[in-house]
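Descriptive analysis of the structure
Read off the chains here:
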Amino acid sequence: MLVKAVAHESKCLLFACTASALTSKWHGEGEKLVRTLFHVASDVSPAIVFLDEIDSLLSSRGGGNEHEASRRFKTEFMVQM
């Protein structure tokens, strides 16, 4: 509710996403969703992108048992930020 209030007071469009909305079982789809989210937010600026539960997706990078898809998702997210 706090994010909704901030978006309303600042007259910004709010994009509220959960971690499950940004993931997909298809290879490469998660990166495409992140890229699309940030491009749309940029096109309709001013906008606020609120990512709920993002800590579950963006754990520390570089672990030995990190999956390639997870690494690419994190990289795409950081590039878009």
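As shown above, the structure is provided for reference.
Quick notes on the rules
Residues numbered from 1 in each chain as written. Predicted model: local features only at pLDDT ≥ 70, side-chain atom pairs only at ≥ 80, totals over all residues. Heavy atoms only, no water. Disulfide = S-S within 2.5 Å. Salt bridge = Lys/Arg side-chain N within 4 Å of Asp/Glu carboxyl O. Helix = DSSP H or I, 4+ residues; strand = E, 2+ residues; numbered from the N terminus. Buried < 20%, exposed > 50% of the residue type's maximum accessible area, 1.4 Å probe, protein only. Phe/Tyr/Trp six-rings, centres within 6.5 Å; stacked < 30°, edge-to-face > 60°. Core = buried A, V, L, I, M, F, W, Y, C linked by side-chain atoms within 4.5 Å. Contact = heavy atoms within 4.5 Å. Expected span 1.5 Å × (residues − 1). Arc of directions from axis to C-beta.

1. Points about the state of the cysteines
Here, disulfide denotes a covalent bond that connects the sulfur atoms of two cysteines. Tallied over the full model, the rule gives zero disulfides. With no disulfide partner, Cys-12 has as its closest neighbouring cysteine sulfur the one in Cys-17, 15 Å distant.

2. Remarks on the pattern of salt bridges
Applying the stated criterion across every chain, the model contains two salt bridges. Across the pair Arg-72 and Glu-31 runs a salt bridge whose closest N-O atoms are separated by 2.5 Å. In this pair, Arg-72 sits in helix α3 (residues 68-80) while Glu-31 sits in helix α2 (residues 29-43), placing the two residues 41 residues apart along the sequence. Among the salt bridges present, the one from Arg-35 reaches Glu-76, with a minimum N-O distance of 3.4 Å. Placement of Arg-35 in helix α2 and of Glu-76 in helix α3 is noted, with a sequence separation of 41 residues between them. Look at Arg-35 and you get partly exposed, because its relative accessible area is 34%. Its relative accessible area of 14% is what places Glu-76 among the buried residues.

3. Quick look at the packing of aromatic side chains
Think of a pair of aromatic rings as described by two things: how far the centres are apart, and how the planes are tilted against each other in angle. Counted according to the given criterion, the structure contains one aromatic pair. Arranged with centres 5.9 Å apart and planes meeting at 75°, the rings of Phe-38 and Phe-77 form a pair that is edge-to-face. Pair noted here: Phe-38 is in helix α2 and Phe-77 is in helix α3, with a separation of 39 residues, a long-range link. The same class applies to Phe-38 and to Phe-77, which are both buried.

4. Notes on the nonpolar core
In a soluble, globular protein the nonpolar side chains are often hidden away together inside. Phe-15, Cys-17, Ala-19, Leu-22, Val-34, Leu-37, Phe-38, Ala-41, Leu-51, Leu-57, Phe-73 and Phe-77 form the largest nonpolar core, which has 12 residues in total. Listed by contribution, the elements that provide at least two residues to this core are β1 (13-18), α2 and α3. Among the elements that take part in this core, α2 stands out by supplying four residues, more than any other. Once residues lying within four places of it in the same chain are set aside, the contact partners of Phe-38 are Val-49, Phe-77, Gln-80 and Met-81.

5. Thoughts on α2
With 15 residues, α2 extends 21 Å from end C-alpha to end C-alpha; this agrees with the ideal 21 Å at 1.5 Å per step. The set of residues buried in α2 consists of Gly-30, Glu-31, Val-34, Leu-37, Phe-38 and Ala-41. Each buried residue of α2 sits inside an arc of 130° when the element is viewed along its axis, so together they form one side. Looking at the buried positions of α2, the neighbouring elements they touch are β1, β2 (47-52) and α3.

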